[in-house]
Each structure stands twice: as C-alpha cells, then as structure tokens.
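Commentary on secondary and tertiary structure
What follows is each chain in one-letter form.
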Amino acid sequence: VGMGQAIAAALVNPNPGCVFVAGDSAFGFSGMEFEVVCRYQLPVIVVILNNNGIAPLNPDDFMDLSGTEERLTYPAKSLTPSCRYEGFATAMGA
C-alpha cells in the first residue's frame with residue numbers, strides 16, 4: 001500500500017528522496033511503517049488524503065453522531081474524518 005516502496009526508494013536514492021501519497025484507508029494498512037521513516041530519518045514526504053476511508057459517507061454526518069452505539073451504525077470501513085495524522089507524525093518523532 002506504498003509505504004514500503006517509499007522506504008525502499010528513499011534508501012536507494014536518498015537525494016532527492018521521495019513523496020508518498022495515500023488515502024487515509026491505505027495509510028491505515030501501512031502507517032506503522034512510518035516509524036521506520038522517522039527512526040532512520042529517511043527523506044520521505046508523506047501526504048495523506050483524508051476522504052473518510054473507503055465508504056461513500058458524508059464526514060459531517062459522522063461527526064454529528066454521539067456515542068459508540070450511534071457510530072457503530074456506520075460501516076467499519078468508514079474512518080474518522082477528524083483523525084489528526086499530524087499528531088501521529090509527531091508521536092513517531094517526525
């Protein structure tokens with residue numbers, strides 16, 4: 001889902017490095033590999049397009065829900081539209 005390829009590209013050709021572009025769902029599958037990028041300080045720029053997962057749902061509708069029971073009515077493939085990916089990057093040391 002791409003992050004492994006971005007790591008390989010940055011290792012093989014560190015100058016200029018590479019750009020990894022993924023949707024929020026794709027990043028969910030390989031996001032922990034971002035820790036490798038941070039640990040080795042690899043020249044990878046990560047761009048995440050948060051389009052609320054792979055479900056055709058309106059993010060505003062999801063955010064208006066309160067409580068677990070209401071949110072469980074949405075399919076598991078819908079992701080949180082307000083996910084703070086920059087906070088994840090900070091936690092990984094970026």
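This text gives an overview of the structure that appears in the document. (Residues numbered from 1 in each chain as written. Predicted model: local features only at pLDDT ≥ 70, side-chain atom pairs only at ≥ 80, totals over all residues. Heavy atoms only, no water.)

**A short note on the overall build of the protein chain**
Of regular secondary structure, the protein chain possesses 6 helices and 2 strands. Ordered by position from the N terminus, the helices and strands of the protein chain form the series α-β-α-α-β-α-α-α. In the protein chain, once contacts between residues fewer than 6 apart in sequence are set aside, the share between residues at least 24 apart is 69%. Only carbon and sulfur atoms are counted for the fraction: they give 59% of the accessible area of the protein chain, which is about 6000 Å². (Helix = DSSP H or I, 4+ residues; strand = E, 2+ residues; numbered from the N terminus. Contact = heavy atoms within 4.5 Å. Areas by Shrake-Rupley, 256 points an atom, 1.4 Å probe, with all protein chains shown as cover.)

**Digging into the pattern of salt bridges**
Scanning the model with the defined rule gives 2 salt bridges in all. The salt bridge involving Glu35 is made with Arg39; its shortest N-O contact spans 2.6 Å. Taken together, the residues span about one helical turn, with Glu35 and Arg39 both in helix α3 (residues 34-39) at a distance of 4 residues. Since its relative accessible area comes to 26%, Glu35 is described here as partly exposed. Measuring nitrogen to oxygen at the nearest pair gives 2.4 Å for the salt bridge that ties Glu86 to Arg84. What makes Glu86 partly exposed here is its relative accessible area of 43%. (Salt bridge = Lys/Arg side-chain N within 4 Å of Asp/Glu carboxyl O. Buried < 20%, exposed > 50% of the residue type's maximum accessible area, 1.4 Å probe, protein only.)

**Some thoughts on the packing of aromatic side chains**
Inspection of the entire model under this criterion finds 3 aromatic pairs. On the basis of an interplanar angle of 90° and a centroid distance of 5.7 Å, the ring pair of Phe27 and Tyr85 is categorised as edge-to-face. Here Phe27 is found in helix α2 (residues 24-30), whereas its partner Tyr85 is found in helix α6 (residues 85-91), with 58 residues between them in sequence. For Phe27, a relative accessible area of 5% corresponds to the buried category. (Phe/Tyr/Trp six-rings, centres within 6.5 Å; stacked < 30°, edge-to-face > 60°.)

**Observations regarding the nonpolar core**
Of all hydrophobic cores here, the largest spans 15 residues; its most connected members are Met3, Phe20, Phe27, Phe34, Val37, Leu42 and Val44. Every element with two or more residues in this core is listed here: α1 (3-12), β1 (18-23), α3 and α6. Top element by residues in this core is α1. It accounts for 4 residues. (Core = buried A, V, L, I, M, F, W, Y, C linked by side-chain atoms within 4.5 Å.)

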